[in-house]
Amino acid sequence: PGGALVALNLVLNYEEGGENCLLHGDSESEKLLSEIVGAAAVRGGRNVNMESLYDYGSRAGFWRLRELLTRKGTTCTVFAVGMAL
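Residues numbered from 1 in each chain as written. Predicted model: local features only at pLDDT ≥ 70, side-chain atom pairs only at ≥ 80, totals over all residues. Heavy atoms only, no water.

(A) Focus on the side chain of Glu19. Inspection of the secondary structure puts Glu19 in the loop between β1 (11–14) and α1 (48–72). Among the polar contacts listed, one links the side chain of Glu19 to the backbone nitrogen of Gly17, at a separation of 2.9 Å. Contacts of Glu19, omitting those with residues within four sequence positions, involve His24, Asp26, Glu30 and Tyr54. (Helix = DSSP H or I, 4+ residues; strand = E, 2+ residues; numbered from the N terminus. Polar contact = N/O pair within 3.5 Å; in protein donor to acceptor, adjacent residues only side chain to side chain. Contact = heavy atoms within 4.5 Å.)

So, in structure tokens, the structure goes:
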């Protein structure tokens, strides 16, 4: 576009909030896709440590990126997990 030699497409994956959680009606907490090595699911209970890992993205990370893109006048595509919204 506009004589540019390179086109850039930004895509933001919004997944935090879509993991297994007792609050969502799941029978056990999330056990995969984290930095907690050997994490085990908590059946019938919450794993607050695991939940806190995912909380940052939806609570602060997404909004920081949104503000940055808005300030720069840049758009992006958002791929979002429905439960996360």
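(B) Highlighting the pairing of strand β2 (residues 77–80). When β1 meets β2, the two strands line up parallel, connected through four bridges. Following the sheet pairing, Val11 is matched in β2 by Thr77. The parallel pair β1 and β2 is bridged by α1, and the resulting crossover is right-handed. (Pairing = 2+ DSSP bridges. Right-handed = clockwise from strand over helix to strand, strands pointing away.)

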